[in-house]
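Examination of the molecular architecture
Single-letter residue listing:
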Amino acid sequence: IFVSLSLFTLFLIGIGVFYIYRFKREILRQENYLYLLALVALVVLATAKILSLLDVLWLRYMIPLSFAGIILTILLDAQIAWVVTTLLSLMVGVVVDYDLSPAIFYFISGTISIYCLSNITQRREMIRMGLILAGVNFGAVVTLGLLFGDRNLLNLLGLAFVGGFNGIFSTALAMGFLPFLEQLFKLTSDLSLLELANPNQPLLKRLLIEAPGTYHHSIIVGNLAEAAADAIGADSLLARVGSYYHDI
């Protein structure tokens, strides 16, 4: 069993590493990205193992796997987040006594969490995302329970509520840890950049009052830099925000 589990784990890790090498090779040049990937994966798998040892059925639906999808989407890339989430859901299925139902549930939950982040521009919008994720989780647990022959509706609804709570819990966990992970791994998320671009930022307001000409110049430079970055496929948001603060 140990040998087969080791081979299975290495096989999944190999798929992830090959994907990064083939399609996202720039990540291999950034050690902080690799450390973030390793930390998120270890936290999810360690939590899954601890909860599985307690041998309580409803705890199988409390593993915060969507946390990994949210964090990696915000700090790295949505495609990387989806690949890692998929591989982790398979590993979690093995951890919880080779149960296919939680594996499919976490695949659905992790995928939806990544989709919901596509148009988020402010942190408070993650509350709405958490509610959507909770609703999807609830429906997924009910559907999978019926699919796998669970006819105890009371038990099924209890598990569904746990799955729904998992969506809110994972989102809250990601919101809480995001600033710490940004500082720890020296990364800046698009959410942080959007907050820096807000004209109500104290430093930008001070610039407007004390040097209005410089402020308007910075806005124009930001627009030019954003257009140029879009034209060459660079990070237009980073270019615009950097331009806002370049004279400061």
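This text gives an overview of the structure that appears in the document. (Residues numbered from 1 in each chain as written. Predicted model: local features only at pLDDT ≥ 70, side-chain atom pairs only at ≥ 80, totals over all residues. Heavy atoms only, no water.)

Here the focus is the packing of aromatic side chains. Under the criterion given, the structure shown has 7 aromatic pairs. Considering the side-chain rings of Phe105 and Tyr106, the 4.9 Å spacing of their centres and the 65° angle between planes classify their relative orientation as edge-to-face. We note that Phe105, like Tyr106, is buried. Ring centres 5.2 Å apart and planes at 70° place the aromatic pair Phe138 and Phe161 in the edge-to-face group. Residue Phe138 is found in helix α6 (residues 125-147), and its partner Phe161 is found in helix α7 (residues 153-184); the two are separated by 23 residues along the sequence. For Phe138, a relative accessible area of 27% puts it in the partly exposed group. Classification of Phe161 as exposed rests on a relative accessible area of 57%. (Phe/Tyr/Trp six-rings, centres within 6.5 Å; stacked < 30°, edge-to-face > 60°. Buried < 20%, exposed > 50% of the residue type's maximum accessible area, 1.4 Å probe, protein only. Helix = DSSP H or I, 4+ residues; strand = E, 2+ residues; numbered from the N terminus.)

One pass over the full model with this rule turns up 1 cavity of 30 Å³ or more. One number sums up the size of the largest cavity: a volume of about 40 Å³. Lining the largest cavity, in full, are Leu51, Ser52, Asp55, Val56, Arg60, Val95, Val96 and Asp97. Of the residues assigned to the lining of the largest cavity, the class counts are 4 nonpolar, 1 polar and 3 charged. (1 Å grid on protein atoms, 1.4 Å probe; cavity = no way out; pocket = protein on both sides within 12 Å on 5 of 7 lines; lining within 4 Å. Points joined across faces, edges and corners; volume = space filled by probe spheres on them. Nonpolar A, V, L, I, M, F, W, Y, C, P; charged D, E, K, R; others polar.)

Glancing now at the packing of helix α3 (residues 65-75) against helix α5 (residues 100-116). Across the interface, α3 lies against α5 with an axial gap of 8 Å and an inter-helix angle of 30°. As judged from the angle between their axes, α3 and α5 are roughly parallel. Judged by the sense of rotation from one axis to the other, the crossing of α3 with α5 is right-handed. On α5, the residues touching Leu65, Ser66, Gly69, Ile70 and Thr73 of α3 are Tyr106, Ser109, Gly110, Ser113 and Ile114. (Axes fitted to C-alpha atoms, helices over the stretch in contact; angles between N-to-C directions. Parallel < 35°, antiparallel > 145°, perpendicular 65-115°, else oblique. Left-handed = near helix turned anticlockwise from the far one by under 90°. Contact = heavy atoms within 4.5 Å.)

Structurally, the position occupied by Ile70 is in helix α3. The spacing of Ile70 and Ile114 is 44 residues in sequence and 6.1 Å in space, taken between C-alpha atoms. Discounting residues that sit within four places of it in the chain, Ile70 has contacts with Ser113, Leu117, Met126, Met129, Ser170, Thr171 and Ala174.

Let's shift gears to the environment of Ile15. Its place among the elements puts Ile15 in helix α1 (residues 2-23). Judged by relative accessible area, which is 37%, Ile15 ranks as partly exposed. Placed 72 residues apart in sequence, Ile15 and Leu87 show a C-alpha to C-alpha distance of 8.5 Å.

Here we come to the pattern of salt bridges. Pairing between side chains of opposite charge can happen when the charged atoms of each approach one another. Taken as a whole and judged by the stated rule, the model has 5 salt bridges. We note a salt bridge from Arg60 to Asp99, for which the minimum N-O separation is 2.9 Å. On the criterion of sequence distance, the pair formed by Arg60 in the loop between α2 (31-53) and α3 and Asp99 in the loop between α4 (78-95) and α5 is long-range, its members being 39 residues apart. Given a relative accessible area of 17%, Arg60 falls into the buried group. (Salt bridge = Lys/Arg side-chain N within 4 Å of Asp/Glu carboxyl O.)

With 21 residues, helix α10 (residues 212-232) ought to run about 30 Å at 1.5 Å a step, and its terminal C-alpha atoms sit 31 Å apart, in line with that. Buried residues of α10: Tyr215, Ser218, Gly222 and Ala229, and no others. Along the axis of α10, the buried positions cluster into a sector of 55°, meaning they face one direction only. In this structure, α10 carries Gly213, Ile220, Leu224 and Ala231 as exposed residues pointing more than 90 degrees from its buried face. (Expected span 1.5 Å × (residues − 1). Arc of directions from axis to C-beta.)

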